[in-house]
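Examining the three-dimensional arrangement
So the chains spell out like this:
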Amino acid sequence: MADFDWGGLLGGLAGAGASIYAAKENSNAAREALQPQQQAVQQVTANQSPYLALGNQAASLLGNEDISKLPGYQRGLGQGTSAINRRAAASGNFNSGNRYKALEQFGIDYDQSKTGERQNQLMSLLNYGQNAAGQLGNVQTGYANSASRSGISQSNSNMAGIT
């Protein structure tokens, strides 16, 4: 009968224990390595939040806002109307069809001009939100890729520790 190799058994057990310990240490190191990236994602999210909110607010206002209630709109409309009325009165045409036509055309032109200006302002704000969302998406994708690589590394370490 062959003698049992107690030394080999103990050596094998010690090696397995060391592999499991190394796998756990590698897993912990990978988890710790992700913490700064996770903190960076949280910081970028906090930094970009106001721009995301600004873009969302601009998107909700675009096309749904009564521009006649914006500051300065009524004042500008009133000044233009007064100028047309003064000019018509000075020329003796205050009750003429030309004055009414001029008032109508001014009102249309003024409203279109102010609507275009406001849409440009809102589109600019909307772009801030879109840029913030894109930057945040890039940071989160980078973090996800790092976490994925870390997970694969942990899995490989765990498998090495078990076999």
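As a starting point, this report considers the structure included with it. (Residues numbered from 1 in each chain as written. Predicted model: local features only at pLDDT ≥ 70, side-chain atom pairs only at ≥ 80, totals over all residues. Heavy atoms only, no water.)

Points about the overall build of the protein chain
Per the secondary structure count, the protein chain includes 3 helices and 0 strands. Ordered by position from the N terminus, the helices and strands of the protein chain form the series α-α-α. When the 163 residues of the protein chain are sorted by exposure, 18% land in the buried category. In the protein chain, once contacts between residues fewer than 6 apart in sequence are set aside, the share between residues at least 24 apart is 85%. Counting only carbon and sulfur atoms, one obtains 55% of the accessible surface of the protein chain, whose full area is about 11,200 Å². (Helix = DSSP H or I, 4+ residues; strand = E, 2+ residues; numbered from the N terminus. Buried < 20%, exposed > 50% of the residue type's maximum accessible area, 1.4 Å probe, protein only. Contact = heavy atoms within 4.5 Å. Areas by Shrake-Rupley, 256 points an atom, 1.4 Å probe, with all protein chains shown as cover.)

What to know about the packing of aromatic side chains
Overall, the coordinates contain 3 aromatic pairs when judged by the stated rule. A centroid spacing of 6.3 Å and a plane angle of 45° characterise the contact between tyrosine 51 and tyrosine 128, whose relative ring orientation is tilted. With tyrosine 51 in helix 1 (residues 6-61) and tyrosine 128 in helix 3 (residues 97-162), this pair connects stretches of sequence that are 77 residues apart. Take tyrosine 51: its relative accessible area is 40%, and that puts it in the partly exposed class. Take tyrosine 128: its relative accessible area is 44%, and that puts it in the partly exposed class. Here a set of aromatic residues connected by ring pairs shows up, and it is made of Tyr73, Phe106 and Tyr110. Over the ring of phenylalanine 94 we find arginine 99; its NZ or CZ atom is 3.9 Å from the centre of that ring. (Phe/Tyr/Trp six-rings, centres within 6.5 Å; stacked < 30°, edge-to-face > 60°. Lys NZ or Arg CZ within 6 Å of the ring centre and 35° of its normal.)

What about the side chain of asparagine 85?
Locating asparagine 85 in the fold gives a position in helix 2 (residues 73-90). A polar side-chain atom of asparagine 85 sits 2.6 Å from a polar atom in the side chain of arginine 99. If near-sequence neighbours (up to four positions away) are discounted, asparagine 85 is found in contact with Phe94, Arg99 and Leu103. (Polar contact = N/O pair within 3.5 Å; in protein donor to acceptor, adjacent residues only side chain to side chain.)

A few points about the pattern of salt bridges
For the coordinates displayed, the defined rule picks out 3 salt bridges. Between lysine 69 and aspartate 66 there is a salt bridge, with its nearest N and O atoms 2.9 Å apart. Across the pair lysine 114 and glutamate 117 runs a salt bridge whose closest N-O atoms are separated by 3.5 Å. Of this pair, lysine 114 and glutamate 117 both sit in helix 3, 3 residues apart, roughly one helical turn. On the basis of relative accessible area, glutamate 117 is assigned to the partly exposed category, the value being 40%. (Salt bridge = Lys/Arg side-chain N within 4 Å of Asp/Glu carboxyl O.)

Observations regarding helix 2
Given a rise of 1.5 Å per residue, 18 residues ought to cover 26 Å, and the 26 Å separating the end C-alpha atoms of helix 2 matches this to within 8%. Listed as buried for helix 2 are Tyr73, Gly76, Gly80, Ile84, Asn85 and Ala88. Considered in projection along helix 2, the buried side chains sweep an arc of 165° and stay on one side of the axis. Looking at helix 2, the residues exposed on the side facing more than 90 degrees away from the buried face are Arg75, Arg86 and Ala90. Phi for glycine 92, located one or two positions after helix 2, is positive at around 80°. (Expected span 1.5 Å × (residues − 1). Arc of directions from axis to C-beta.)

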